[in-house]
Amino acid sequence: MRDVLVGDYLRGRGVSRRSLLKFCAAAASWMALPPTMAQEIAAAIEKARRPSVIWLPFQECTGCTESITRAETATLESLIFDAISLDYQHTLQAAAGDAAEEARHQAMKENWGKYLLAVDGSIPLANPGYSTIAGVSNLDMLLEAAKGAAAIIAIGTCAAFGGIPAARPNPTGAVAVSDLIKDKPIINVSGCPPIPVVITGVLAQYLTFGSIPDLDRLGRPRAFYGQSIHDRCYRRPFYERGQFAESFDDEGARKGWCLFKLGCKGPITYNSCATIKWNGGTSFPIEAGHGCIGCAEPNFWDKGGFYEALSVSRWGTFGTVAAAAAVGAAAGVASAALARHRQAKAPEGESR
Amino acid sequence: MSATIAATEERAALERIAEGVARLASSAPEVDLPADERVRRAKRVFIEKTDARVALDLESCLHCGMCAEACHFYEGTGQGRYAPIHKLKLLRKVYRRELGPFRLIQRLLTRDLTVAELEQWQELVFDSCTECGRCDMICPVGVHLSRGVHITRQALTAAGLAPAELRALDAEQKSTGAILGAGVEKLRSALEELRSQGIEAPLDKPQAEYLLLTTASDLLIYHRSLAATARIMNHLGLDWTFASSGFEAANSGAVSGDETAQRQATQRVVDAALACGAKFVVVPECGHAYPALRWEGPNQVGRAFPFQVLAISELIGRELESGRLRLKPLGPGKRVTFHDPCKFGRKGGVIDEPRKALAALEVDLRETESKGTTNYCCGGGGGVFFIGRAAPLRNAAFNIKRKQFDATGADSVVTSCGSCRMNFAVGAQRNNWNVPVESLVELVADGLAAPGPATDRGSVV
Amino acid sequence: MSGLAGIPIKIEQASGKLASGNVEPLLHEIGHALEQLIEVGKASIIDLRGVPLAPGEEDRILEFLGTGEVRAEFEASGLSTVNESRFPGVWVVTHHDATGDVMSRLIEITLVPEILCSQVEELRDSHERFALGVRFMGEPTADGIRSG
Amino acid sequence: MTLFDFARGPGMFWATTIMVIGIVWRLAGAVLLARHKDRSTPRGDNRVAAGLRAVLMRSVPPHELEKHITFQHLTGYAWHIGWFVTFLFFVPHMPFIESILGFGWPGLPNQAIVMLAAITLAILLLLLVRRIVHPVLKVISDFDDYVSTLLACAPLVTGIVAFAHLFPSHHETMIGLHILSVEALMVWLPFGKIFHCVTGLPLRFQIGAAFARRGVKA
């Protein structure tokens with residue numbers, strides 16, 4: 001693997017500078033950078049050194065891989081993505097078995113300390129046998145691969161926070177990458193799956209600026225996860241005016257009113273769905289008429305029903321309230337009885 | 001006896017009483033008890049008196065302070081400690097620590113009652129509270145504050161901490177049954193005086209439908225009020241009598257909180273009524289006597305009364321209502337205002353009858369802004385008149401009442417309670433306020449059509 | 001457009017005032033940018049996809065801007081169109097990707113969008129290829145098309 | 001389990017349970033005490049009507065009393081109404097109300113509600129200062145008065161902070177704090193003076209009936 005600059009690589013593939021400019025204009029938009037920055041991003045990408053990327057798929061559903069590769073369309077992002085020499089991707093690469101492992105070890109040795117480790121899927125701890133590659137448990141493989149990595153990108157809520165495998169009761173003891181690796185910078189690109197351009201955007205940002213981007217409190221790039229869906233949602237004016245859809249088919253829903261009362265988790269979910277949107281900017285869940293289910297947040301699966309509004313809380317049932325009343329009554333009756341007994345010793349007298 | 005001579009005699013008599021009151025404190029029996037015994041006795045009374053109704057009072061207070069805005073002692077002095085709910089603090093503490101639902105927690109979080117607190121609360125529940133009940137009218141959640149004050153009085157008295165003057169009055173009534181020396185001989189000489197004026201005044205008739213009570217203030221100072229009451233009873237042709245065994249309406253124990261004194265005084269009146277088979281007991285112009293007998297009497301003696309208790313103004317109202325009594329107008333220009341004695345009005349329920357009498361007399365009644373159930377107290381009720389050190393407080397309250405009277409532009413104040421009249425007299429002298437204070441009963445007597453044989457009539461239901 | 005457009009779902013136009021309330025501010029921003037271009041000669045670019053717009057609002061803006069005299073397009077990993085609106089100085093640049101999805105749509109307030117100009121970085125390589133082309137003029141080039 | 005998950009889940013469950021236990025315990029413990037018998041013959045006949053009348057009229061005392069407490073009355077009504085309108089007509093609260101009552105009602109625009117919440121909070125803080133400086137309130141106020149006022153303010157403060165997204169990257173935590181502040185209020189309710197919401201009206205009935213027994217309109 002020779003040291004190749006991304007710009008030369010792209011030109012070698014017949015990618016004109018205008019194509020690169022088109023990508024950078026879109027990237028600037030995703031990263032909420034001013035559009036005029038496209039030129040600078042292009043210049044930086046061209047000069048960036050083409051890093052080597054090891055992609056380790058652990059306990060995952062391949063949703064993230066599919067999201068990034070967008071098997072059905074070969075787009076500009078995928079070109080850029082190819083620019084990143086993807087040395088090992090269990091699903092994508094032709095090699096298999098020992099050859100694949102051999103290629104991975106080869107890539108790691110050559111780029112030791114410099115390669116980017118991309119992980120998708122959570123790591124089962126209950127029993128390492130739950131998820132292995134070529135006989136090696138995910139845990140061991142992660143620990144080994146992480147040693148030589150310059151940085152780790154945890155792609156998808158599973159790798160970032162444990163995701164669905166870690167949802168109650170978490171039979172496999174699934175944990176996130178950040179639970180295991182403490183000594184390497186980790187970029188969590190959460191989402192189930194993350195928006196394709198966000199993954200590419202994070203990689204482009206890493207290429208462009210060559211450093212770990214500014215991360216929020218959960219280790220997610222602030223460029224893409226800095227604002228809540230609610231803050232950038234086009235239906236926000238309806239929320240402010242108190243116009244809410246009451247059911248999925250009522251007048252409010254058809255008029256595109258706010259979906260808060262139908263369980264939208266937009267206010268507590270941080271992602272770029274409302275701006276970058278999905279399927280090439282076509283739409284995003286709320287625009288399609290369904291509330292956000294908060295898939296970029298930890299434990300989104302256990303945060304109450306997807307159709308239960310944020311303000312609903314489990315105060316119990318009329319049964320539990322009745323039981324509480326019974327307990328209270330028992331205590332009250334006992335207290336009054338003892339007090340009456342004590343008063344009975346004093347002579348009967350009318351208080352005015 | 002012409003009015004002016006009588007008035008000067010009343011003022012002289014009042015001076016003699018005032019001197020007697022000043023000496024009361026020294027004659028009070030000393031109550032020497034160890035501190036923890038005082039606390040124990042006080043707590044026993046608090047516990048005995050706190051029933052479910054009082055508990056609901058103590059569980060609902062918001063500490064909003066509105067009761068203070070209704071209290072003349074706070075309004076007159078601006079002292080925050082005179083807020084009525086503050087007076088109930090000891091009662092609430094004992095309730096929360098001994099009877100309340102969370103008493104186990106309260107015992108950990110709060111300190112027990114101390115004798116220092118009991119002593120500190122003397123001024124709050126005796127000197128600065130006439131138990132007039134005006135605060136009960138304003139409380140936004142309906143706490144019966146004056147009841148709480150009285151329970152605290154009963155607790156302090158049980159602990160031997162009532163003011164000396166009230167202890168002296170209790171001792172006197174417990175031993176002689178009389179107040180301020182107005183014993184049976186005083187009654188006999190007063191009745192002789194009535195007879196000398198041609199007013200029939202039966203005493204100890206074996207059988208009588210009405211037992212009439214009188215009180216020390218009428219026997220010692222306001223003889224005209226006694227005369228007027230007798231003339232009204234005769235004019236109505238009622239079968240009535242006094243009873244030497246039970247003539248004193250005033251109940252010192254009901255004021256100080258000494259329940260034994262209260263029970264004895266009540267028992268004396270009940271026995272006298274039973275002795276002559278009375279169907280009615282008429283309470284004269286003495287404020288606290290009415291609720292003490294009418295509302296608390298049955299509970300003191302432990303059973304309902306076989307007779308009905310009527311205030312003299314209530315009787316007058318009833319007779320006017322039934323048409324058996326007609327009064328002649330006392331002249332068109334007589335502009336009066338009426339002072340509702342708290343114990344008759346707010347605490348007793350007798351509010352409309354006096355006004356019926358004044359209407360029958362066709363006087364020009366100018367009501368004060370606060371009247372009836374929200375009237376301002378004269379400042380001397382509930383025994384406060386007798387407590388020496390409470391003089392400044394009484395004066396502050398008196399001046400509020402005076403402003404109410406002056407605002408009406410009336411020429412005189414009519415009321416129907418001896419204590420109020422004594423307190424107004426002292427207040428007027430101290431603040432040289434010369435508006436005369438008249439007795440309702442005396443006005444009604446002046447308005448009687450003509451003294452003479454009562455028309456034939458059956459016994460009154 | 002991609003197959004999605006074929007699905008017959010029509011989102012009702014938000015009734016009354018435009019739903020997101022961002023249309024007017026955006027148009028004002030274009031107006032100010034035009035003022036800047038006139039007075040200071042400063043070009044600016046507005047990213048239409050950066051602003052949350054309700055469905056249909058983007059089309060309302062494009063309808064307002066309309067089309068002017070110049071309509072240019074170029075093919076670079078997908079079609080890109082550079083049209084001057086009916087207001088000279090206001091250009092609508094739309095980049096599509098290989099599948100035809102709109103990657104980004106920019107309103108450029110400038111004399112001419114830069115992306116139309118030939119890229120300086122490619123001139124050297126272009127010159128080399130030009131020289132090679134001239135030298136071997138008349139012979140078939142690697143991609144089978146005769147050059148020149 | 002974030003703070004928000006705790007607040008919506010076990011936090012609300014235990015707050016509700018403790019509140020209900022506390023209310024019934026304290027009410028039963030007080031109401032079931034001995035009731036002294038009154039043997040005097042009553043004057044008023046219709047004491048129930050008088051009791052009900054007091055339940056209503058105690059909110060509107062006669063003018064000669066009202067004129068001394070006008071400020072307290074107005075501010076008291078103002079913040080109570082402001083507080084409950086904010087709670088009952090803020091539309092995002094509606095799912096919570098519906099989860100309890102089973103039905104809801106239309107709300108007010110959010111901006112109007114936030115304005116009302118701010119005014120309510122201002123009045124509460126004003127009354128808190130008054131409680132510290134006023135000659136009467138200074139003497140009679142205890143721990144319970146200050147805690148109850150602060151706990152009444154807490155949901156307003158946290159609600160406004162959460163609604164205004166003052167901490168945009170911690171919005172979930174802010175909503176969690178808002179729900180926790182409501183739970184603190186619920187837990188304190190049966191142990192402090194907020195219990196008047198349970199005993200207030202029955203007590204008015206009691207004094208109305210008791211005074212009517214003597215023929216006095218209370």
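Keep in mind that what you see is a predicted model, and the values were worked out from it rather than measured.

Regarding the overall build of chain D
And step 1. For chain D, the count of helices and strands is 9 helices and 0 strands.
And step 2. Element order for chain D, N to C, with α for helix and β for strand: α-α-α-α-α-α-α-α-α.
And step 3. Taken along its principal axes, the extent of the C-alpha atoms in chain D is 70 × 40 × 35 Å.
And step 4. Looking at chain D alone, contacts between residues at least 24 apart form 70% of all its contacts between residues at least 6 apart.
And step 5. Carbon and sulfur atoms make up 78% of the accessible area of chain D, which amounts to about 9,600 Å² in all.
And step 6. Taken as two groups, the 18 positive and 11 negative side-chain charges of chain D have centres that lie 15 Å from each other.

Considerations on the interface of chain D and chain B
And step 1. Residue-level contacts link 56 residues of chain D with 65 residues of chain B.
And step 2. Carbon and sulfur atoms make up 58% of the area that chain D and chain B hide from each other, which totals about 5,200 Å².
And step 3. When the buried area of chain D at its contact with chain B is split by residue, Arg39, Arg43 and Arg214 of chain D rank highest and sum to 13% of it.
And step 4. If you look at where chain D meets chain B, you find 4 salt bridges.

Details of unusual backbone geometry
Residue and element names in this part refer to chain A.
And step 1. Each neighbour pair has its own omega, and for Arg168 with Pro169 the value is 0°, a cis peptide bond.
And step 2. With respect to the helices and strands, Pro169 occurs in the loop between helix 8 (157-161) and strand 8 (174-175).
And step 3. Residue Pro193 is reached from Cys192 by a cis peptide bond, and omega for that bond is -5°.
And step 4. Counting through the fold element by element, Pro193 comes out in the loop between strand 9 (186-189) and helix 10 (196-209).
And step 5. Of note in this structure, Thr62 is not a glycine but carries a positive phi near 70°.
And step 6. Relative to the helices and strands, Thr62 is located in the loop between strand 1 (52-57) and helix 4 (63-69).
And step 7. The residue Asn170 is not glycine, and still its phi comes out positive at about 50°.
And step 8. Tracing the chain through its elements places Asn170 in the loop between helix 8 and strand 8.

Considering the confidence of the model for chain A
And step 1. Mean pLDDT over chain A works out to 83, with 89% of the residues at or above the 70 mark.
And step 2. Confidence drops under pLDDT 50 across residues 348-352 of chain A; counting only partners more than four residues distant or on other chains, this segment forms 21 contacts.

Quick look at the pattern of salt bridges
All names here are of chain B.
And step 1. Tallied over the entire structure, the rule returns 55 salt bridges over all chains.
And step 2. For Arg97, the salt bridge goes to Asp112, with nearest N and O atoms at 3.6 Å. Residue Arg97 is located in helix 7 (residues 89-99), and its partner Asp112 is located in the loop between helix 8 (103-109) and helix 9 (115-127); the two are separated by 15 residues in the primary sequence.
And step 3. Judged by relative accessible area, which is 31%, Asp112 ranks as partly exposed.

Describing the arrangement of the chains
And step 1. No other pair among the 4 pairs of chains in contact exceeds the contact count of chains B and D.
And step 2. The smallest C-alpha distance separating chain B from chain C is 48 Å, and no contact links them.
And step 3. One finds no contact between chain C and chain D; the C-alpha atoms of the two approach each other to within 16 Å at their closest.

Remarks on the nonpolar core
Side chains that are nonpolar tend, in soluble globular proteins, to be buried together.
And step 1. Formed by 144 residues in total, the largest nonpolar core has its most connected members in Leu211 and Met233 of chain B.
And step 2. When neighbours within four sequence positions are excluded, Leu211 of chain B is seen to be in contact with Thr241, Phe242, Ala243, Gly246, Val269, Ala272, Ala273, Cys276, Ala278, Phe280, Val281 and Val282 of chain B.
And step 3. Core analysis: the next-biggest nonpolar cluster, separate from the first, contains 68 residues, Met31, Trp55, Ile68 and Leu259 of chain A among them.

Observations regarding the sheet that holds strand 8 (residues 437-439) of chain B
Residue and element names in this part refer to chain B.
And step 1. If you walk across this open sheet you meet the 4 strands as 6-5-7-8, and the pairing is parallel. Across the chains shown, the open sheet's two edge strands, defined by having one partner strand only, are strand 6 (364-365) and strand 8.
And step 2. Relative to strand 8, strand 7 (residues 412-415) runs parallel, the two sharing 3 bridges. Looking at strand 8, one finds that Thr415 is bridged to Ser439.

Things to note about the interface of chain A and chain D
And step 1. At the junction of the two partners, chain A supplies 47 residues and chain D supplies 42 residues.
And step 2. For the pairing of chain A and chain D, the buried interface totals around 3,900 Å² over both sides, and the portion due to carbon and sulfur atoms is 58%.
And step 3. Its largest share of buried area at the contact with chain D, chain A owes to Glu240, Lys303 and Trp315 of chain A, together 15% of the area lost on that side.
And step 4. Applying the counting criterion to the chain A and chain D interface returns 4 salt bridges.
And step 5. Arg8 of chain D is the salt-bridge partner of Glu308 of chain A, the closest N and O atoms lying 3.3 Å from each other.
And step 6. Where chain A packs against chain D, one counts 18 residue pairs in polar contact (both at pLDDT 80 or more).
And step 7. Taken together, the elements giving at least two residues each to the side of chain A that touches chain D come down to helix 12 (236-241) and helix 14 (318-345) of chain A.
And step 8. For the side of chain A that touches chain D, the element with the highest residue contribution is helix 14 of chain A, accounting for 16 residues.
And step 9. Split by residue class, the side of chain A that touches chain D holds 20 nonpolar, 13 polar and 14 charged.

Focus on the packing of aromatic side chains
And step 1. Per the stated rule, a full pass over the model turns up 29 aromatic pairs over all chains.
And step 2. Between the aromatic rings of Phe405 of chain B and Trp433 of chain B, the centroid separation amounts to 5.8 Å while the plane-to-plane angle is 20°, which identifies the pairing as stacked. Taken together, the residues Phe405 of chain B in helix 22 (residues 391-408) and Trp433 of chain B in the loop between helix 23 (418-430) and strand 8 connect sequence positions 28 residues apart. The same class applies to Phe405 of chain B and to Trp433 of chain B, which are both buried.
And step 3. By the ring-pair criterion, three or more aromatic residues cluster together here, those being Tyr239, Phe244 and Phe260 of chain A together with Phe90 and Phe163 of chain D.
And step 4. Above the face of the Tyr376 of chain B ring, Arg134 of chain B is positioned so that its terminal group lies 3.7 Å from the ring centre.
And step 5. Positioned above the aromatic ring of Tyr222 of chain B, the side-chain terminus of Arg421 of chain B is 3.8 Å from the ring centre.

A short note on a nonpolar patch on the surface
Residue and element names in this part refer to chain D.
And step 1. Together, Leu56, Met57, Val60, Tyr77 and Ile81 give the surface a local cluster of nonpolar side chains, amounting to about 500 Å² of exposed area.
And step 2. When contributions to the nonpolar patch are tallied by element, the ones reaching two or more residues are helix 2 (47-57) and helix 3 (63-89).
And step 3. Among the secondary structure elements, Ile81 is positioned in helix 3.

Things to note about the environment of Ser311 of chain A
And step 1. Structurally, Ser311 of chain A is set in the loop between helix 13 (251-254) and helix 14.
And step 2. Expressed as a C-alpha distance, the spacing of Ser311 of chain A and Lys261 of chain A, which sit 50 residues apart in the sequence, is 8.7 Å.
And step 3. Reaching out from Ser311 of chain A, the side chain makes a polar contact with the backbone oxygen of Pro92 of chain D at a distance of 2.5 Å.

Parameters at a glance
Residues numbered from 1 in each chain as written. Chains lettered and ligands numbered in written order. Predicted model: local features only at pLDDT ≥ 70, side-chain atom pairs only at ≥ 80, totals over all residues. Heavy atoms only, no water. Helix = DSSP H or I, 4+ residues; strand = E, 2+ residues; numbered from the N terminus. Contact = heavy atoms within 4.5 Å. Areas by Shrake-Rupley, 256 points an atom, 1.4 Å probe, with all protein chains shown as cover. Lys, Arg positive; Asp, Glu negative; His and termini not counted. Charge placed at Lys NZ, Arg CZ, Asp CG, Glu CD. Buried area = accessible area lost by both parts, 1.4 Å probe. Salt bridge = Lys/Arg side-chain N within 4 Å of Asp/Glu carboxyl O. pLDDT = per-residue confidence, 0-100. Buried < 20%, exposed > 50% of the residue type's maximum accessible area, 1.4 Å probe, protein only. Core = buried A, V, L, I, M, F, W, Y, C linked by side-chain atoms within 4.5 Å. Pairing = 2+ DSSP bridges. Polar contact = N/O pair within 3.5 Å; in protein donor to acceptor, adjacent residues only side chain to side chain. Nonpolar A, V, L, I, M, F, W, Y, C, P; charged D, E, K, R; others polar. Phe/Tyr/Trp six-rings, centres within 6.5 Å; stacked < 30°, edge-to-face > 60°. Lys NZ or Arg CZ within 6 Å of the ring centre and 35° of its normal. Patch = residues over 30% accessible without salt bridge, like charges linked within 9 Å, V, L, I, M, F, W, Y side chains within 5 Å.

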